[in-house]
Amino acid sequence: MTGLLAAGLVVVMVGSGCAALTGDTGSDELQEFLSTLEHGDLAGAAALTTDPAAAEEALTASIAGLGYPKLATDTPDGDRRPDQDPVAVEFTWDLGDGADDGAGAGGDEGDGQGDDDEATTAAADTGDEAAVGSRTVTTSGQAGTVKVDDQWKVRWEPTILDSRLADGGRLSYSDLLDYDTDILDRTGAPLMQWTPVTAVTLAPDAAGSADEVAQLVSGAAPTITGQSIRDGMAEAGDQPYQVVGLRPSDIDPIREQLSAVPGVSLPERGDLIRTDRELSSPALDGLPNAWLEELQASGGWSVEIVNPDAEPIEVAGAPMGEVDDLVSTLQVSMQQAAQSAVDGSGQAASIVAIQPSTGGILAVAQNSAADAQGPVSLEGHFPPGSTFKVVTTGAALESGVVGPEEIVPCPAQITVSGRTIPNDDDFALGEVPLETAFARSCNTSQAVISDRLEPEAMKNTAAQLGLGVGFFGPGMSPSWFTGSVPVTEQGPARVEAAIGQGEVLASPFGMAVMTASLANNGQMILPELISGMPAVANDSPEPLPQNVVDTLRRYMEQTVQSGTATAANSIPGLAGKTGTAEVGSGPAHGWFVATVGDIAVAVLIEGADSSGPAVSMAANFLSAAGQPAPLSAG
């Protein structure tokens, strides 16, 4: 903004006398108005005008309509005599990352407050022409001053902001995004689509209508109750509460009844929602954000003057680009098979399936008991039990402290480095090949070989298989957790870690990554949820040596054929490892990780007290799921 002194000098230079220097024309007050507006004090700026109420309302409408941008002002011709003729005023609006146009991207019709679109990051333009790389808009208006009760005031007119604004008009920003872009599953079937949605909304003082609203929407949203609505309203405070968003087929039969309920409003909006309302997975939660980012990358935008009863006037804009449909690596049929498998358990159960050759996530399922804890399939912190013996044995083979055909002791109990480790039910095998000890899940054998390892060995081998590595990619939350493996000095902590207890933790996602990486010839996979958009890892370990991979694969096949996972030996080529993980005084968790063909799977059943149910669940899932379909081209 032109400074006060500079403005005064301009007036002197053009020969208009010294009135501006003495404040006789209201020039100083005009500059104060513009400066106050630049600092975002709309009420303060409005108070300097002849109609503070109207000015504040109009300024708020336009500045909010532009998303509260940064503002710079100028009087390019100097102040001259604003008391005699209006002077030109130029406003430069820095839109930054854009503005919020209020469209939803919530991912489903769930209850609670709707999520608005995030701002576009497309290039802005200046004036009436698009200028790639710029995100500023300039409008030109006029301002004059008048003396009111011995005080100079800025004469309020909407044309101060832009000469084309009328009473009741405003400046408005809109994102232009290709909402016709769908998210498909890997077969090309629609997974999520932009759909008109009616937001069933209750006024803050309409809690008395909660039960009636819950009853009306129960057919489409059976989990919503009067109490859940009242709880949500209490959290919303003095703001309207969105109960649920309903697609046309759900709202149309009950629209009239809802409209008659006191306090209910039914605004329309759009949402990216699941095409199959029954399809549920924590892996779906991040897809709307990934979709929105893709739309924003090719998005356009528009700034318009919106006057009452008139066509909008374009001020500035940039056209949007077309965005191809996004292809998710998820396969609906596999997701349904995984969900059916976990729903058959009375305990909290999770399944994660990954394609080793691509890192594509095929299915992520958990039942309602697991849902009550959050997205544990992707973020849970659980001891992995004996499934971690894949890492311990791999570390021992890689470092050469044991050979693939070595004979190892498998007594019922053994004390190593001050820690006594028993086998399950105290079984004993005597002196057996390492392959047999692995297949029968002999804890005592693992304790012996772990005692020979270097402190970093298990941590490093786990990382080679992606366990303990952080992955960050489109649709994947930073809170997704693979696992954590400590550096352990020789002693009880290492003995416990060797059998997946102590400080070793993992999620079903992490164990699926480990198993998929092993099946990927020991090369750590980069998980991806959207085809062509693999995650970025925070580590780049060397692959596990091929001879170690081949040995572990043989051991895992033997586990299914003659070891602890024989309940799944009807599946040809299946290789796996069972695990039972102790958790305090409660029943142990049951694990099974396995690979067959181009699918790797991790199953966790909390409190199962045995790995048997997890083996059976994995067998049921793999029998129903088959192998991954080829990725659609979109």
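Every chain begins its residue count from 1, and numbering advances along the sequence as written. Where local features are concerned, this predicted model is filtered to residues with pLDDT of at least 70; where side-chain atom pairs are given and counted, the filter is 80 or more; whole-chain, interface and lining totals use all residues. For side-chain calculations, the full set of non-hydrogen atoms in the structure is used, while hydrogens and water are omitted.

Q: Summarise the environment of S174; cite the residues concerned and give the values.
A: Helix and strand assignments come from DSSP, with helices taken as H or I runs of at least 4 residues and strands as E runs of at least 2, each series counted from the N terminus. Mapped onto the elements, S174 comes out in strand β8 (residues 170-176). The rule is simple: take the accessible area with a 1.4 Å probe, protein chains only, and divide by the maximum for that residue type; under 20% is buried, over 50% is exposed, in between is partly exposed. Relative accessible area serves as the criterion here: at 26%, S174 is assigned to the partly exposed category. Taking the C-alpha atoms as reference points, S174 and V303, separated by 129 residues in sequence, lie 6.5 Å from one another.

Q: Give a description of the state of the cysteines that names residues and reports values.
A: For the purposes of this analysis, a disulfide is any pair of cysteine sulfur atoms at a distance within 2.5 Å. Counting across every chain of the model gives one disulfide. Residue pairing for C410: its cysteine sulfur links by disulfide to C442, the two sulfurs lying 2.0 Å apart. The sign of the 115 degrees torsion about the S-S bond sets the C410-C442 disulfide as right-handed. Highlighted residues: C410 in strand β19 (residues 407-410) and C442 in the loop between α15 (434-439) and α16 (443-450), separated in sequence by 32 residues. C410 sits in the buried class, given a relative accessible area of 1%.

Q: Go over the nonpolar core with me, naming the residues and quoting the values.
A: If you look at the biggest cluster of nonpolar residues, it comprises 84 residues, and the most contacted ones within it are L191, L287, I354, M458, L467 and F509. Among the elements that make up this core, the one with the highest residue count is helix α19 (residues 508-519) (seven residues). In what follows, a contact means two residues having at least one pair of non-hydrogen atoms within 4.5 Å. With sequence-adjacent residues up to four places away left out, L467 is seen in contact with F388, V391, A462, T482, G483, V485, A506, G510, M511 and M514. Side-chain atoms within 4.5 Å link the members of a nonpolar core, which is a set of buried Ala, Val, Leu, Ile, Met, Phe, Trp, Tyr and Cys residues. Among the nonpolar cores identified, the runner-up in size contains 34 residues, and L66, W93, Y173 and I305 belong to it.

Q: Any chance you could break down the environment of P240 for me, citing the residues and the numbers?
A: Mapped onto the elements of the fold, P240 is located in the loop between α7 (226-236) and β11 (241-246). The exposure class assigned to P240 is partly exposed, which follows from its relative accessible area of 42%. With 147 residues separating them in the primary sequence, P240 and W93 have C-alpha atoms 31 Å apart.

Q: I'd love a proper account of the pattern of salt bridges, names of residues and values included.
A: A carboxyl oxygen of Asp or Glu within 4 Å of a side-chain nitrogen of Lys or Arg is what we treat as a salt bridge. Applying the stated rule across the entire model yields 12 salt bridges. For D211, the salt bridge is made with R230, and the minimal N-O distance between the two is 3.1 Å. Linking D211 in helix α6 (residues 210-217) with R230 in helix α7, this pair joins segments that are 19 residues apart in sequence. Each member of the salt-bridge network shares a partner with another, and the members are D252, R255 and E268.

Q: Lay out a negative patch on the surface with the relevant residues and their values.
A: A surface patch of negative charge is lined by D424, D425, D426 and D609. Relative to the helices and strands, D425 is located in the loop between β21 (419-422) and β22 (430-433). Residue class for D425 comes out exposed when judged on its relative accessible area of 73%. Two distance rules govern patches: like charges are joined within 9 Å, and nonpolar side chains (Val, Leu, Ile, Met, Phe, Trp, Tyr) within 5 Å, applied only to residues with over 30% relative accessible area and no salt bridge. The protein chains shown are the only cover counted for residues, whose accessible areas, like all others here, come from Shrake-Rupley with a 1.4 Å probe. The charge count includes Lys and Arg as positive and Asp and Glu as negative, but it does not include His or the ends of the chains. The location of each charge is read from NZ of Lys, CZ of Arg, CG of Asp or CD of Glu.

Q: Give me the packing of helix α14 (residues 389-399) against helix α17 (residues 457-464): which residues, what numbers.
A: Structural elements are reduced to axes, namely lines fitted to C-alpha atoms, with helices fitted over the stretch in contact, and the angle between N-to-C directions of any two is expressed from 0 to 180 degrees. Direction vectors running N to C along α14 and α17 enclose 105 degrees, while the axes themselves pass 9 Å from each other. Classified by the interaxial angle, the pair formed by α14 and α17 is roughly perpendicular. Contacts from V391, T392, G394, A395 and E398 in α14 reach A457, M458, T461, A462 and Q464 in α17. For this classification, Asp, Glu, Lys and Arg are treated as charged, while Ala, Val, Leu, Ile, Met, Phe, Trp, Tyr, Cys and Pro are nonpolar and the rest, including Gly, are polar. When grouped by side-chain class, the residues that make up the contact of α14 with α17 number five nonpolar, four polar and one charged. In what follows, roughly perpendicular refers to angles from 65 to 115 degrees, roughly parallel to angles under 35, roughly antiparallel to angles over 145, and oblique to any angle outside these ranges.

Q: Give a description of the sheet that holds strand β2 (residues 87-94) that names residues and reports values.
A: Picture the strands of a sheet paired through backbone hydrogen bonds; they go either parallel or antiparallel. Spatial ordering of the open sheet is given by β1-β2-β5, a layout of three strands whose pairing is antiparallel. Of all the strands in the sheet, the pair left with one neighbour each is β1 (70-74) and β5 (136-143). When the angles between neighbouring strand axes are averaged without regard to direction, this sheet yields 25 degrees. Both β1 and β2 contribute to a ladder of five bridges, which runs antiparallel. Bridging from a neighbouring strand, L71 pairs with W93 of β2. Together, β1, β2 and β5 form the strand contacts of helix α3 (residues 27-38), whose direction differs from that of β1 by roughly 165 degrees. A pair of strands is considered paired only if DSSP assigns at least 2 bridges between the two.

Q: Residues and numbers for the environment of E38, please.
A: Note on placement: E38 falls in helix α3. For E38, a relative accessible area of 22% puts it in the partly exposed group. When the C-alpha positions of E38 and T92 are compared, they lie 10.0 Å apart, and in sequence the two are 54 residues distant.

Q: Mind laying out the sheet that holds strand β28 (residues 586-596), listing which residues take part and the relevant values?
A: An order of β18-β17-β29-β28-β27 is seen for the five strands of this open sheet, with the pairing classed as antiparallel. Unpaired on one side and paired on the other, β18 (361-366) and β27 (575-583) mark the two borders of the sheet. Shown here is a sheet whose adjacent strand axes are inclined to one another by a mean of 10 degrees, direction ignored. Pairing geometry for β27 and β28, over eight bridges, is antiparallel. Along β28, the bridge assignment pairs V583 with G586.

Q: Could you give an account of α19, with specific residues and numbers?
A: In a helix, the anticipated span is given by 1.5 Å times the number of residues less one. For α19, which comprises 12 residues, the first-to-last C-alpha distance of 16 Å matches the rise-based estimate of 16 Å (1.5 Å per residue) to within 8%. Among the 12 residues that make up α19, 11 are buried, leaving the element largely enclosed by the rest of the structure. Along α19, the residues that are buried comprise P508, F509, G510, M511, A512, V513, M514, T515, A516, S517 and L518. Count one or two residues on from α19 and you reach N521, which has phi positive near 60 degrees.

Fair warning: the whole summary comes from geometry, so function is off the table for now.
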